[in-house]
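# Reading the structure
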Amino acid sequence: MMLPFIVLAQCLIAKNSHKLGNDYNLHRVITVQIFCFLCVGILTTTGVPDIKYIIAHKYSLDLDIINYSKAAMERLSPITSKLIYLFNPAEIHINPYRMYFNDQMSYILNVILFVPFGFLFSVLSIDKSKIGWKRIAVIGFLFSFSIEFIQLFNRRTTDLDDLITNTFGAVLGFIIYMILYKRKRLNFITNMRCSGSFITLYECEIYIVLIYVLWLLNPV
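Residues numbered from 1 in each chain as written. Predicted model: local features only at pLDDT ≥ 70, side-chain atom pairs only at ≥ 80, totals over all residues. Heavy atoms only, no water.

## Some remarks on the overall build of the protein
Rule in force here: Put simply, DSSP H or I for four residues or longer makes a helix, DSSP E for two residues or longer makes a strand, and each gets a number counted from the N terminus. Working definition: with a 1.4 Å probe on protein chains only, accessible area under 20% of the residue-type maximum means buried, over 50% means exposed, and in between means partly exposed. Should any heavy atoms of two residues lie within 4.5 Å, those residues are considered in contact. We get accessible surface area from the Shrake-Rupley algorithm with a probe of 1.4 Å; when it comes to residues, only the shown protein chains can shield them.
On a plain count of helices and strands, the protein comes out with 12 helices and two strands. Going residue by residue from the N terminus, the α and β elements of the protein occur as α-α-α-α-α-α-β-α-α-β-α-α-α-α. Expressed as a percentage of the 220 residues in the protein, the buried residues total 45%. Counting only contacts in the protein whose residues sit at least 6 apart along the sequence, the fraction spanning at least 24 positions is 80%. For the protein, the accessible surface area stands at approximately 12300 Å², while carbon and sulfur atoms represent 69% of it.

Take a look at the structure:
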């Protein structure tokens, strides 16, 4: 049910672009769909739950997983006990690169996961004066952070390493984009002229927010 909303948003953005004299060509339409499909793929791969799942499972935690004894849980305050039910301390890792030498492949895969994200985001950004590695890093960081945060509610590991490697992957995608852009290999997609329209300048951000909201709401 997500596709109709994405198509509708793209039609509205394309219509706005044409009114401002921009060329919203077929190559861009296809690239936008690929970008949206990629965002959905990232949410799927990382196991982001919807709100229904969060509500249904927020108290379904086995105490053995937490590594707290029943006696220890009883000594905690009611608020702390509820927080432990919601957020498993054993699943929150804030020490960077703690597993690098034991699980290097996961680091590589986390980087690779966000390389296409950074690349396509850069391709679809029509105001080239505002696109740079810092903007890509911020967008990649926020998207990855939202994923890590929501994973607190579905018994998956929330890891600082994932946040770092995802952000690096997005920046690496931007670097690949810049290499191709300077060689004029992407003109067939990026030939839209910049306009003053907010929804045109921030088209990718709109898709990301829309997809994330729809994913959480999981309309059926």
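## Quick notes on helix H1 (residues 2-19)
To keep things clear, this is the line we draw: For a helix, the expected span equals 1.5 Å multiplied by the residue count minus one. Here, the arc refers to the directions that run from the helix axis to the C-beta atoms.
Along its 18 residues, H1 runs 26 Å from first to last C-alpha, staying within 8% of the 26 Å computed at 1.5 Å per residue. What H1 keeps buried is the set Met 2, Ile 6, Ala 9, Gln 10, Ile 13, Ala 14 and Ser 17. Seen along its axis, H1 keeps its buried residues to an arc of 135°; they face one direction. Set apart from the buried face of H1 by more than 90 degrees, the exposed residues are Leu 12, Lys 15 and Lys 19.

## A look at the nonpolar core
A general trend in soluble globular proteins is that nonpolar side chains are found buried together. Our working rule: Take the buried Ala, Val, Leu, Ile, Met, Phe, Trp, Tyr and Cys residues and link them wherever side-chain atoms come within 4.5 Å; each set so joined is a nonpolar core.
Residues Phe 35, Phe 117 and Phe 143 are the most contacted members of the largest nonpolar core, which totals 42 residues. When residues of this core are traced back to their parent elements, those giving at least two are H1, helix H2 (26-45), helix H7 (104-124), helix H8 (133-150), helix H9 (160-182) and helix H12 (203-217). Other than its neighbours up to four places away in sequence, Phe 35 contacts Phe 117, Leu 120, Phe 121, Leu 124, Cys 204, Tyr 207 and Ile 208.

## A closer look at a nonpolar patch on the surface
Short version of the rule: Distance thresholds for patches are 9 Å for like charges and 5 Å for nonpolar side chains (Val, Leu, Ile, Met, Phe, Trp, Tyr), applied to residues having over 30% relative accessible area and no salt bridge. By convention in these notes, a salt bridge is any Lys or Arg side-chain nitrogen within 4 Å of a carboxyl oxygen on Asp or Glu.
Taken together, Ile 51, Ile 55, Val 209, Val 213 and Leu 217 make up a surface patch of nonpolar side chains, about 450 Å² in accessible area. Broken down by secondary-structure element, the contributors of at least two residues to the nonpolar patch are helix H3 (51-57) and H12. The element best represented in the nonpolar patch is H12, accounting for three residues. Relative to the helices and strands, Ile 51 is located in helix H3. Ile 51 gets classed as partly exposed once you look at its relative accessible area, which sits at 38%.

## Points about H12
Between its first and last C-alpha, H12 extends 21 Å over 15 residues, near the 21 Å set by a 1.5 Å rise per residue. Residues of H12 that are buried: Glu 203, Cys 204, Glu 205, Tyr 207, Ile 208, Ile 211, Tyr 212, Leu 214, Trp 215 and Leu 216. Within two residues after H12, Asn 218 carries a phi angle of roughly 50°, on the positive side.

## Re the pattern of salt bridges
Scanning all chains against the criterion turns up two salt bridges. Arg 28 serves as the salt-bridge partner of Glu 203, at 2.9 Å between the closest nitrogen and oxygen. Of the two residues, Glu 203 is situated in helix H12 and Arg 28 in helix H2; the sequence distance between them amounts to 175 residues. The burial state of Glu 203 is the same as that of Arg 28; both residues are buried. With its nearest N and O atoms 2.6 Å apart, the salt bridge here joins Arg 135 to Glu 205. Separated by 70 residues along the polypeptide, Arg 135 in helix H8 and Glu 205 in helix H12 bring together distant segments of the chain.

## A word on the confidence of the model for the protein
The following threshold applies: The pLDDT score gives, residue by residue, the confidence of the prediction method on a 0 to 100 scale.
For the protein, the mean per-residue pLDDT works out to 77, and 66% of the residues sit at or above 70. Note that pLDDT drops below 50 for residues 61-69; the model gives that stretch 18 contacts with residues more than four away or on any other chain.

## Structural notes on the side chain of Asp 50
The cut-off we apply is this: Neither His nor the chain termini are counted; the positive set is Lys and Arg, and the negative set is Asp and Glu. Under this definition, polar contacts are N or O atom pairs within 3.5 Å; protein pairs additionally need one hydrogen-donor-capable and one acceptor-capable atom, and for neighbouring residues in sequence, both atoms have to be side-chain atoms.
Position of Asp 50 relative to the elements: it lies in the loop between H2 and H3. An unpaired buried charge is present at Asp 50: no salt bridge exists, and Lys 52, the closest side chain of opposite charge, is 6.5 Å distant. A distance of 3.2 Å separates a polar atom in the side chain of Asp 50 from the backbone nitrogen of Lys 52. A distance of 2.9 Å separates the side chain of Asp 50 from the side chain of Asn 218, its partner in a polar contact. Excluding its chain neighbours within four sequence positions, the residues that come into contact with Asp 50 are Trp 215, Leu 216 and Asn 218.

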